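Structure at a glance
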Amino acid sequence: MNLHKKKITAVLGPTNTGKTYLAIETMLGFESGIIGFPLRLLAREVYDKIIQRVDVSKVALITGEEKIIPKNSKYYLCTVESMPLDKVVDFVAVDEIQMCADSERGHIFTDRLLNFRGEKLTMFLGSPTIKNILNSLDNEIEFIFKERFSKLSYSGHKKISRLNPKTAIIAFSIEEVYAIAELIRRQKGGAAIIMGSLSPKTRNSQVQLYQSGDVDYLVATDAIGMGINMDLDNVYFSNLKKFDGKKLRQLDLSEISQIAGRAGRYLNNGTFGITGECKELTNDEISLLENHKLEPIINIFWRNSNLNFMNFTSLINSLDERPNKKFLRRIHECEDEKLLKFFLKNYSKYNIKNNKNSLEILWECCQIPDFVKHTYGHHLEVVSKVFSFLISDKKKVLNKYMKEQLNNLDKLEGNVDSITNRIANVRTWSYVANKKNWVENQDYWIERTKILEDKLSERLHEELTKSFIDKRASILARGLKQEIDLKTEIKEEKNIIIDNQYIGELKGLKLILDLKAGALDTDIKSLKKAARQGVRPELIKRINKIISDDKIELKDDFKIYWKNDPIAFISQGKNYLEPNLNLVVDDILEFEEKNQLQTYLEQWLKKFIQDKLTDLVNLNIIEKNNTSVRALSYQLFENNGVIKRNLVNEFVKKLSLESRKILRKSGIKIGRYHIYLHKIIKPEAVKIRLLLWKNFYRNNMKLEPPKFGLNFIESKININSNFMLICGFEKFENFYVRIDILERLFIQIIENTKDKKVKVKSEMINLLGCTKKNFLKLMVLMGYKYEEKNDEIFLEYSPFRKKRYTKIKKSSKEDDNPFKILSNVNFN
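Along every chain, residues carry numbers that run from 1 in the direction the sequence is written. Thresholds applied to this predicted model are a pLDDT of at least 70 for local features of residues and 80 or more for the giving and counting of side-chain atom pairs; totals over whole chains, interfaces and linings are not thresholded and use all residues. As a convention, hydrogens and water are excluded, and side-chain values are obtained from all of the structure's heavy atoms.

Runs of E in the DSSP output that reach at least two residues are strands. Runs of H or I that reach at least four are helices, and both are numbered from the N terminus. Check the secondary structure of the protein and you find 29 helices and 36 strands. Put simply, the radius of gyration uses C-alpha atoms, and a globule should come to 2.2 Å times the residue count raised to 0.38. Taking 28 Å as the expected radius of gyration for a compact globule of 828 residues, we find that the protein reaches 39 Å, considerably beyond that expectation. Expressed along its principal axes, the backbone C-alpha trace of the protein runs to roughly 125 × 75 × 50 Å. A total of 828 residues make up the protein; the buried ones form 51% of that total. A separation threshold of at least 6 residues defines the contact pool for the protein, and within that pool the share at least 24 residues apart is 66%. Roughly 41,800 Å² of accessible area belongs to the protein as shown, and the carbon and sulfur atoms make up 48% of that amount. Charge counting follows a simple rule: Lys and Arg are positive, Asp and Glu are negative, and His as well as the terminal groups are ignored. Charged groups are reduced to one reference atom each: NZ for lysine, CZ for arginine, CG for aspartic acid, CD for glutamic acid. Looking at charge distribution, the protein has the averaged site of its 138 positive side-chain charges lying 6 Å from that of its 109 negative ones. Three exposure classes are used, based on accessible area relative to the maximum for each residue type with a 1.4 Å probe and protein chains only: buried under 20%, partly exposed in between, and exposed over 50%. Only heavy atoms matter for contacts: two residues are in contact if any of them lie within 4.5 Å across the pair. Residue exposure ignores everything except the shown protein chains as possible cover, and the areas themselves are Shrake-Rupley values with a 1.4 Å probe.

A few words on the pattern of salt bridges. In what follows, salt bridge is the name for a side-chain nitrogen of Lys or Arg lying within 4 Å of a carboxyl oxygen of Asp or Glu. Scanning the entire structure with this criterion turns up 48 salt bridges. Between Glu-65 and Arg-40 there is a salt bridge whose closest N-O contact spans 2.7 Å. Of this pair, Glu-65 sits in the loop between strand S3 (59–62) and strand S4 (67–68) while Arg-40 sits in helix H2 (residues 40–50), and the two are 25 residues apart along the sequence. Linking Glu-66 and Arg-44 is a salt bridge whose minimum nitrogen-to-oxygen distance equals 2.4 Å. Taken as a pair, Glu-66 in the loop between S3 and S4 and Arg-44 in helix H2 lie far apart in primary sequence, 22 residues in all. For Glu-66, a relative accessible area of 10% translates into the label buried. Linked by salt bridges that have partners in common, Arg-40, Arg-44, Asp-48, Glu-65, Glu-66, Arg-427 and Glu-453 make up one network.

Next up on the list: the state of the cysteines. We call a pair of cysteine sulfur atoms a disulfide whenever their separation is within 2.5 Å. In the structure shown here, the tally under the stated rule is 0 disulfides. Of the cysteine sulfurs around Cys-78, a residue in no disulfide, the closest is that of Cys-100, at 17 Å. Looking at Cys-78, the relative accessible area reads 0%, which means it is buried.

Time to look at the packing of aromatic side chains. Each pair of aromatic rings is reported with the distance of its centres and the angle of its planes. By convention, a stacked pair of Phe, Tyr or Trp rings (six-membered ring in the case of Trp) has centres within 6.5 Å and planes under 30 degrees apart, an edge-to-face pair has planes over 60 apart, and any other such pair is tilted. Under the definition given, this model contains 18 aromatic pairs. On the numbers, 5.8 Å between centres and 15 degrees between planes, the contact of Phe-30 with Phe-91 is stacked. Within this pair, whereas Phe-30 is found in the loop between helix H1 (19–28) and strand S2 (33–37), its partner Phe-91 is found in strand S6 (residues 91–94), the two being separated by 61 residues in sequence. Between the aromatic rings of Phe-342 and Phe-343, the centroid separation amounts to 5.7 Å while the plane-to-plane angle is 70 degrees, which identifies the pairing as edge-to-face. Phe-342 gets classed as partly exposed once you look at its relative accessible area, which sits at 27%.

On to helix H23 (residues 683–697), then. Helix length check: H23, at 15 residues, gives a terminal C-alpha distance of 21 Å against a target of 21 Å (1.5 Å per residue), a fit within 8%. The element H23 is extensively covered by neighbouring structure, given that 11 of its 15 residues are classed as buried. Ala-685, Val-686, Ile-688, Arg-689, Leu-690, Leu-691, Leu-692, Trp-693, Lys-694, Asn-695 and Phe-696 are the residues of H23 that are buried. Once H23 finishes, Arg-698 follows within two positions and takes phi at roughly 55 degrees, a positive value. To estimate how far a helix should reach, multiply one less than its number of residues by 1.5 Å.

The following block contains the structure:
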């Protein structure tokens, strides 16, 4: 019979409509049949049910990692990838046919949709969104539309702490799943875990844990959306975004519908909603989900399955072939394609022959699933190793190699992640063992990998249960539920004891809960609720003590400390002298108490800065009516109280005697080289200025001021000159001199100048605190030449040097800084 004339039925409807049940019953009404499922777990579940009704010798299970194929098999339960396309049977069905639109596996479903038929009946099961695509096929299709058995309603947002039993919480990363499961363990007693990365046996054990009533909650990824049937009343999303392997993207409504539909099985109504910080759904989206009116699928993914293995070029060309129908879309490069192209690019390294046999083997090897993920190099090694065995003289993976791989994985110790990783590796070798004629002693290795996977899966189930389920209700949880007053003690001014249970400690005004293994089993909010009665009064008492004692300090980490614990921190504010203040307090405190502390600390901080940097703060209020004074004060304020004179010479020239007097009274020193506030280059003022400067500009965080007490520094490494200037040091090549010392040195030079020559005195060298050699180098950098006579040194200012450096200055792209220009002097 022509492929296009064979009977096709499409059974479409949302979740919980009995589509899969109908397919099973229909298949068993024929002499033979194949059903392809989206998950290995689902194929196994249906297999287990059918062998209860049909002679086990007539039923086969075929998945990538598990094959049970009796000689007289009539009925085949498979994953879609493993459907035996060479079998001729009366009935063929593909479940979740809308997976044709899946960006990772869609091309496999599409191939079955287009090319695989039962002799008497083909049945496609799935969402109504696929209807238009089915109508585009060159076949006559009978549509059966199924209504949902129960009603699905939106229940809005609920906190996790308020979720009812028989609820699944959906997350989209392992970290989120673990975090939510831990939260539920502390608050509700425990949760079962369902993730795609778990082995089928572990998933079954976790499902059974939930179904048995040992736990009332389930935390799952979107793996729950495909065919895992449980007694769920509610589904809540903690997020509506997922990472699809390439990017973080929003879930579309069909994906939300598939997952939400797990709520309300058979005749029981279900609800779906959101929790945590999940984004709200719109009214239109809610209506579409409740009424199962979803956007129709326009395109499905396709890849040519009729490959030409004659040579490298023909294989790649056939793989890259474009579809010939409008509704088909060439799928993005899949992992098997990437592997193939990598190997072909490096064909000589991997001994790949340019012939049909070698390429067919290579392509089959590229189909080995990467269950481990995130370790591309490891998977590449596995595939290349298997290929090398299959093209060797023996043409099989050797027993010795299989033994080595599995022995390395046969370990039960470790946490959830390490055991999960081992299972994933075992599944890879299980896939290899199940491939016909790929390994020596195939039956043995199939059995060995199955036993090892089961053993590790049991261990993983135990670890998950241990980590996320606590069957004993904690002391606090019982007390809270029964509204019992719990005895709270604070020992050694920090340790918090509730009903003889240590729950954490007070650090400053922050409650730090002890949530490590063996700590009290309740969630953070429940712990705080239990501790509120005893802890809050203590926090209020501490606030009053902080205000009355006035014993707090601002440290270099931008935090304000009380008794060695931070109670606030500063952040960028209006300007560097007016930082914002942020409290480090527990949310147990009420607004009034926080406001009281905030007000006090802001006033304290303002007074602290005013007292320590009075002259700098006052620059903002100095002689507002005097334009010249105001302009110079502004420049000085913007430069943290220190500025090079040559940058503001125009302002200085315009200053009257009265203006200079005002500036002098304000603590401003107008020197030969710098204009600065002389009080702010003292050690404590420098420390505070730098802290506030770093806080405002958020740079040079790792730079520290020079050791206080030094007037002269020689550094072999280049230090940021602007930073050093704020510290009160001017740069001369690899020397740094304190600016007030520089002014005093200039005065001494003037006092000791006779006939244009300066006699160097020991006081000058002692003033700097440097060696004579370095003193003379510095003088050269400042434009002097020197000569020694009768153990005396004389300096003479060199007009030639001045002319030379002026010339350099004009051609330099540096800013207007004579000291940078003088740094060209070479002492060698």
